[in-house]
Amino acid sequence: MGMTLIEKILANHSKEKVVCPGDIVDIEIDVRAARDFGGANVVKNMQDHQLKIHDPSKTFFTFDCNPTGSDQKYAVNQQICRLFARDNGVKVFDINTGIGTHTLIEKGLAYSGSTAVTTDSHANILGAVGAFGQGMGDKDIAAAIHKGKVWFKVPKSVKINLRGKRPKGLYAKDIVLGLLDHFGANSLLGYSVELYGEEVDKLTLDERITIASMGTEMGCIILLFTPNEAIMEYSEFRRGEKLELIKADKDAEYEQEFHLDLDRFVPRLALPGEPHNTVPVKESTGVHIDSAFIGSCTNGRMEDFRIAAKILKGKKIAPGVVFKIVPATDEIWNECLKEGLINIFKEAGAMVSNAGCAGCAAGQVGQNGEGEVSISTGNRNFPGKQGKGKVYLASPATVAASAIAGCIVSPDKIPDKPLVRDHTSNRIVTDTLDQIPGEKDSKPKVVEGRVWYIPMDNIDTDMIFHNRYLTITDLDEMGKYTFDNLKGFENFSRVVMAGDIVVVHKNFGSGSSRQQAVDCFKALGVQAIVAESYGAIYERNAINAAFPIVTCKAISNLHLSNGDDVRINFETGEIQNLTKEISVLGERFSEVQLEIYQNGGLF
């Protein structure tokens, strides 16, 4: 019995002559790499366990998640890796290089029949050149660096045959989105998939990279191509030596074999939220977009940018649309510059960033905001992956055309005039409310609620909302971190109920000026806070945010217990413990506080 392509590669890197699905074997790893994402943890594992490097010449760091060095945490992690690399003679492909998996192909480190592991979940992109690539955790990578090998369970193999001719205007991204539409996210889960067919053999390296890169979204272990002559010539040139073509045996056995008609494939896009939820582009034609992105490990290649430039040349991006372009590697960036593509992009109104992962990495070019609609060449559009907006996935051609049109269109349907979005619709609700007489006076001046009694002084802003969460700007997300740094009340956000009232003692909210220490209570639906006194900045922040705070020097006279019901009159300052039928007088809202409260805030 012959072996499939994955079986052949794994057998060649193990002590076994033949391997079968289900076998667990130790395989030698030709490339052991860690990114700036996870790299510092790899170093920590190496140092904590005093692990030696098996072969520094086969060990690499690739900095692609934060290629701009703009994030302080990433900058720290990158420097940890650099120092470790310097001490151990390890090569670093630094922030000016580009995406690690593409770099491995570009530098001749990944090629037909080779093996590589990295901290990148899309390491299986190396299947584009017929190599075995796998993303692994930091402990696995540390073990690979130390031992030069990892254990691996041989997966079952599936063969997909694409029959017929490739339709004109069908791009590689359309093909892989078509595969996702057919197989979904889990029907090929855990399989090694091999692609064959007359048109498949004609696919260029860049096209193979696009298709292989979305094997992860299909649930595959890897999506493997058998290199054609052009791919082998490329790898040999990059490697600087003659290479052996590794391919499946003719009598290899596959778990399943599928036959799909390529001539029935059409240009597609993935709807927001799920890469496998795809539809023909024509079904979403006319959907407004706010931003467009071409790049990522899926479509950051030269052919992708040539396609985009051909569409963009002599045209302008639609008003109100932000167009972001990020090449996969610095070599590709420079080639774009030499061919004049950068100039075409800039004249069209696009922005071009340095090479890297971009939109898939938090904080990088390609992210979007709440309510924003993006069309991207990336491989993932899970909620929150590229931001809080909606993300459609499509080919570079569809993305470029849509950026010009201001809405989703195919390249042959670009309108003479772009569709300009009417942003005034976002203000309709506010304008309408402003026109309703007395609407701003509708906020209650008397509130009742269950008490949370915290008899403590000097609860500062770090106890209320710790500084490790200061990058959070989403009001709804703030709530869950309220009091998680206040001993004894760490679970406050999970048990508090909307309408509750918090009562504390002196100097509540002392410390920093962070607005989140006020907004987190609003997010949870807390009605008001009563305290003997407040930190000065906190008091202003609360008043200006229209969040009710009441000062009362006689809190102890209320004989409060958790769960008591209280009533507060903001105009008179009266506070009643309804459970125990006790009443005290606090400070009433000043005219300014009452006005801001009724106005819904300072603005």
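These numbers were taken from a predicted model, which means no experiment stands behind them.

## Section: the overall build of the protein
Link 1 in the chain: Helix and strand content of the protein: 20 helices and 25 strands.
Link 2 in the chain: Principal-axis analysis of the C-alpha atoms gives the protein an extent of 90 × 65 × 45 Å.
Link 3 in the chain: Each of the 603 residues in the protein was classed as buried or not, and the buried ones make up 55%.
Link 4 in the chain: Considering only contacts within the protein whose residues lie at least 6 apart along the sequence, 72% involve residues at least 24 apart.
Link 5 in the chain: Where the 67 positive side-chain charges of the protein centre and where its 78 negative ones centre are 3 Å apart.

## What to know about helix H10 (residues 302-312)
Link 1 in the chain: Listed in full, the buried residues belonging to H10 are Met302, Asp304, Phe305, Ala308, Ala309, Ile311 and Leu312.
Link 2 in the chain: Looking at the buried side of H10, the elements it contacts are helix H8 (205-213), strand S14 (291-294), strand S15 (322-325), helix H11 (330-338), helix H12 (341-348) and helix H13 (396-405).
Link 3 in the chain: Positive phi appears at Gly314, one or two residues downstream of H10, with a value of about 80 degrees.

## A closer look at the packing of helix H2 (residues 39-48) against helix H3 (residues 72-88)
Link 1 in the chain: Closest axis-to-axis distance for the H2/H3 pair is 8 Å, and the angle between their directions is 45 degrees. It follows that H2 is oblique to H3 by the angle criterion. Note that H2 runs across H3; the crossing there is left-handed. Mapping the contact onto sequence places Gly39, Ala40, Val43, Met46 and Gln47 in H2 and Asn77, Ile80, Cys81 and Phe84 in H3.
Link 2 in the chain: Of the residues assigned to the contact of H2 with H3, the class counts are six nonpolar, three polar and no charged.

## Description of the nonpolar core
Link 1 in the chain: Among the nonpolar cores identified, the biggest contains 87 residues, and Ile160, Leu162, Leu179, Ile211, Leu312, Phe323 and Phe345 are the most heavily contacted of them.
Link 2 in the chain: Here the element with the most residues in this core is helix H6 (residues 172-183); it accounts for seven residues.
Link 3 in the chain: Ignoring sequence-local partners within four residues, the contact set of Leu312 consists of Ile317, Phe323, Ile344, Phe345, Ala348, Ala400 and Ile404.

## Comments concerning the sheet that holds strand S8 (residues 157-163)
Link 1 in the chain: As summarised here, the arrangement of the four strands in space is S10-S9-S8-S11, forming an open sheet in which the pairing is parallel. What marks the edges here is a single partner per strand, and that holds for strand S10 (222-224) and strand S11 (256-261). Within this sheet the neighbouring strands show an average axis-to-axis angle of 20 degrees, counted without direction.
Link 2 in the chain: Where S8 and strand S9 (residues 192-196) come together, five bridges link them in parallel fashion. In the strand pairing of S9, Ser157 is matched with Ser192.

## What about the packing of aromatic side chains?
Link 1 in the chain: Per the stated rule, a full pass over the model turns up 19 aromatic pairs.
Link 2 in the chain: Measuring from ring centre to ring centre gives 6.5 Å for Phe465 and Tyr481, while their planes differ by 85 degrees; the resulting arrangement is edge-to-face. Taken together, the residues Phe465 in the loop between helix H15 (461-464) and helix H16 (475-478) and Tyr481 in the loop between H16 and helix H17 (492-495) connect sequence positions 16 residues apart.
Link 3 in the chain: Tyr481 gets classed as buried once you look at its relative accessible area, which sits at 17%.
Link 4 in the chain: Centre to centre, the rings of Phe521 and Phe547 are 6.2 Å apart; their planes meet at 10 degrees, and the pair counts as stacked. Pair noted here: Phe521 is in helix H18 (residues 516-524) and Phe547 is in the loop between helix H19 (536-544) and strand S22 (549-551), with a separation of 26 residues, a long-range link. No difference in accessibility class separates Phe521 from Phe547, as the two residues are buried.

## So, the environment of Leu558
Link 1 in the chain: Of note, Leu558 is situated in the loop between S22 and strand S23 (565-569).
Link 2 in the chain: Overall, Leu558 belongs to the buried group, its relative accessible area being 2%.
Link 3 in the chain: Considering only alpha carbons, one finds Leu558 and Asn577, 19 residues apart in sequence, at a separation of 6.3 Å.
Link 4 in the chain: Residues within four places of Leu558 in sequence aside, it is in contact with Ile575, Asn577, Lys580, Ile582 and Val584.

## Some remarks on the pattern of salt bridges
Link 1 in the chain: Here the structure, examined in full by the defined rule, presents 24 salt bridges.
Link 2 in the chain: For Asp94, the salt bridge is made with Arg82, and the minimal N-O distance between the two is 2.8 Å. Here Asp94 is found in the loop between strand S4 (91-93) and helix H4 (100-106), whereas its partner Arg82 is found in helix H3, with twelve residues between them in sequence.

## Overview of the pairing of strand S1 (residues 24-28)
Link 1 in the chain: Where burial is concerned, the two faces of S1 differ: the one with Val25 and Ile27 is buried and the one with Ile24, Asp26 and Glu28 is not.
Link 2 in the chain: By the bridge criterion, five bridges tie S1 to strand S7 (residues 149-153) in an arrangement that is antiparallel. Bridge assignment links Glu28 to a residue of S7, and that residue is Lys149.

## Digging into the packing of H10 against H12
Packed helices, taken two at a time, are described by their axes: the angle between them and the distance between them.
Link 1 in the chain: Contact geometry of H10 with H12 gives a least axis separation of 10 Å together with a crossing angle of 45 degrees. In terms of axis orientation, H10 runs oblique to H12. Here the hand of the crossing between H10 and H12 comes out left-handed. On H12, the residues that touch Met302, Phe305, Arg306, Ala308, Ala309 and Leu312 of H10 are Leu341, Ile344, Phe345 and Ala348.

## Here we look at the sheet that holds S4
Link 1 in the chain: An order of S4-S3-S2-S5-S6 is seen for the five strands of this open sheet, with the pairing classed as parallel. Both edges of this open sheet fall to S4 and strand S6 (132-135), since each of them pairs with a single strand only. In this sheet, adjacent strand axes meet at a mean angle of 20 degrees when their direction is disregarded.
Link 2 in the chain: Alignment of strand S3 (residues 59-62) against S4, held across three bridges, turns out to be parallel. In the sheet register, Thr62 faces S4, and the bridge partner there is Phe93.

## A look at the environment of Glu253
Link 1 in the chain: Along the chain, the position of Glu253 falls in the loop between helix H9 (229-239) and S11.
Link 2 in the chain: Once you skip the residues sitting within four places of it in the chain, Glu253 turns out to touch Met1, Gly2 and Thr4.

## Some thoughts on the side chain of His102
Link 1 in the chain: Mapped onto the secondary structure, His102 falls in helix H4.
Link 2 in the chain: What His102 contacts, discounting residues up to four positions off in sequence, is Ile125, Ile209, Cys297, Arg301, Ala328 and Thr329.

## Digging into the confidence of the model for the protein
Link 1 in the chain: Averaged over the protein, the pLDDT score is 90; the fraction of residues at 70 or greater is 94%.
Link 2 in the chain: Counted against residues more than four places away or in other chains, residues 424-441, with its pLDDT under 50, gives five contacts.

## Focus on H6
Each turn of an α-helix holds 3.6 residues, which means side chains three or four residues apart point in the same direction.
Link 1 in the chain: Here H6 is twelve residues long and its end C-alpha atoms lie 17 Å apart, about the 16 Å a rise of 1.5 Å per residue gives.
Link 2 in the chain: Taking burial as the measure, the twelve residues of H6 include ten buried ones, the bulk of the element.
Link 3 in the chain: Considered for burial, the residues of H6 that qualify are Ala172, Lys173, Asp174, Ile175, Val176, Leu177, Gly178, Leu179, Leu180 and Phe183.
Link 4 in the chain: Just downstream of H6 lies Gly184, where phi reads positive at about 75 degrees.

## Some words on the environment of Asn334
Link 1 in the chain: One can find Asn334 in helix H11.
Link 2 in the chain: Residues Asn334 and Thr471 lie 137 residues apart in sequence; the distance between their C-alpha atoms is 34 Å.

Scoring rules and cut-offs
Throughout, residues of each chain are indexed from 1 in the direction in which the sequence is written. Predicted model: local features are reported for residues with pLDDT of at least 70 only, side-chain atom pairs are reported and counted for 80 or more only, and whole-chain, interface and lining totals are derived from all residues. Water and hydrogen atoms play no part in the side-chain values, which are based on all heavy atoms of the structure. Numbering of helices and strands runs from the N terminus; a helix is a DSSP stretch of H or I covering at least four residues, while a strand is a stretch of E covering at least two. With a 1.4 Å probe rolled over the protein chains alone, any residue whose accessible area is under 20% of its type maximum counts as buried; one over 50% counts as exposed, and the rest are partly exposed. Any two residues whose heavy atoms approach within 4.5 Å are treated as being in contact. Asp and Glu are treated as the negative residues and Lys and Arg as the positive ones, with His and the ends of the chain left uncounted. Note that the charge is assigned to NZ on lysines, CZ on arginines, CG on aspartates and CD on glutamates. For helices, the fitted axis covers only the stretch in contact; all axes are lines through C-alpha atoms, and the angles between them, taken along N-to-C directions, range from 0 to 180 degrees. Note that the term roughly parallel is reserved for angles under 35 degrees, roughly antiparallel for angles over 145, roughly perpendicular for angles of 65 to 115, and oblique for everything else. Two helices cross in a left-handed way if the nearer one is turned anticlockwise from the farther one by less than a right angle. They cross in a right-handed way if the turn is clockwise. Nonpolar residues are Ala, Val, Leu, Ile, Met, Phe, Trp, Tyr, Cys and Pro. Charged residues are Asp, Glu, Lys and Arg, and all others, Gly as well, are polar. The set of buried Ala, Val, Leu, Ile, Met, Phe, Trp, Tyr and Cys residues whose side-chain atoms join them within 4.5 Å is what this entry labels a nonpolar core. DSSP-based pairing: two strands are paired if at least 2 bridges between them are found. Pairs were defined over the aromatic rings of Phe, Tyr and Trp, the Trp ring being its six-membered one, requiring ring centres within 6.5 Å. Orientation was assigned from the angle between planes: stacked under 30 degrees, edge-to-face over 60, tilted for the rest. Any carboxyl oxygen of Asp or Glu within 4 Å of a side-chain nitrogen of Lys or Arg constitutes a salt bridge here. Per residue, pLDDT measures the predictor's confidence, with a range of 0 to 100. For a helix, the expected span equals 1.5 Å multiplied by the residue count minus one.

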